[in-house]
Amino acid sequence: MAVDFMRRARSRYIDAHNALKRGDYPDVVRYSQECVELSLKACLRAVGVEYPKVHDVGDILVVNRDKFPSWLKSKLDEIVEISADLAAKRSPAMYGIEVAGKTSSELFSSEDALDALKKAELVYSCAKKFIEELFKVEL
């Protein structure tokens, strides 16, 4: 299951890059968030942790910190922050903020999109390394 999640995370990462090429900045944020979510859930699944069906699993990573190698533990604080940040942007990236009359395209700029993509790349690359090392596979 973890390997499948990583393959799906890679697809979302590619989708985010394609959305950036189109100038569809809200979709970059959305796909980046999905990439992060799937990457982190792959890591949790790989160490036998049942995660809640929520978009931000950062707190579950922290509780299970000792199940990960030292190189990954050293990045967990940043990864947890990224997960929370992008999870908070997920809904506005999809729907905008209706009560404020703001569309998602009005809320997210090219800088926001590039930031989200950079964060997704960091989390994905860490998760990919972990899964490849653990399962002796190449993703």
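Source: prediction; values computed, not measured. (Residues numbered from 1 in each chain as written. Predicted model: local features only at pLDDT ≥ 70, side-chain atom pairs only at ≥ 80, totals over all residues. Heavy atoms only, no water.)

Novice: In this structure, what is going on with the pattern of salt bridges? I would like to understand it.
Specialist: In a structure, side chains of opposite charge can pair up when their charged atoms sit close to one another. All told, the structure shown has 14 salt bridges when counted by the stated rule. With a shortest N-O distance of 3.1 Å, Asp 77 and Arg 65 are connected by a salt bridge. Here the residue Asp 77 occupies a position in helix H5 (residues 76–95), and Arg 65 occupies one in the loop between helix H3 (58–63) and helix H4 (70–73), the gap between them amounting to twelve residues. For Arg 65, a relative accessible area of 24% corresponds to the partly exposed category. (Salt bridge = Lys/Arg side-chain N within 4 Å of Asp/Glu carboxyl O. Helix = DSSP H or I, 4+ residues; strand = E, 2+ residues; numbered from the N terminus. Buried < 20%, exposed > 50% of the residue type's maximum accessible area, 1.4 Å probe, protein only.)

Novice: Got a minute to help me understand the nonpolar core in this structure?
Specialist: Core analysis: the biggest nonpolar cluster contains 43 residues, and Leu 44, Phe 68, Phe 130 and Ile 131 have the highest contact counts within it. Elements with a minimum of two residues in this core: helix H1 (2–22), helix H2 (25–46), H3, H5 and helix H7 (110–135). Tallying contributions element by element places H2 first for this core, with eleven residues. (Core = buried A, V, L, I, M, F, W, Y, C linked by side-chain atoms within 4.5 Å.)

Novice: Just to check I follow, could you spell out empty space enclosed by the protein for this structure?
Specialist: It is a probe the size of a water molecule, rolled over the atoms, that shows where empty space is left. According to the stated counting rule, one finds one cavity of 30 Å³ or more in the structure shown. Reported here for the largest cavity is a volume of approximately 40 Å³. Surrounding the largest cavity, Leu 40, Cys 43, Leu 61, Leu 72, Leu 76, Ile 79, Val 123, Cys 126 and Ala 127 form its lining. Mapped by element, the contributors of at least two residues to the lining of the largest cavity are H2, H5 and H7. Ranked by residue count, the leading element in the lining of the largest cavity is H7, at three residues. Classifying every residue of the lining of the largest cavity by side-chain character gives nine nonpolar, no polar and no charged. (1 Å grid on protein atoms, 1.4 Å probe; cavity = no way out; pocket = protein on both sides within 12 Å on 5 of 7 lines; lining within 4 Å. Points joined across faces, edges and corners; volume = space filled by probe spheres on them. Nonpolar A, V, L, I, M, F, W, Y, C, P; charged D, E, K, R; others polar.)

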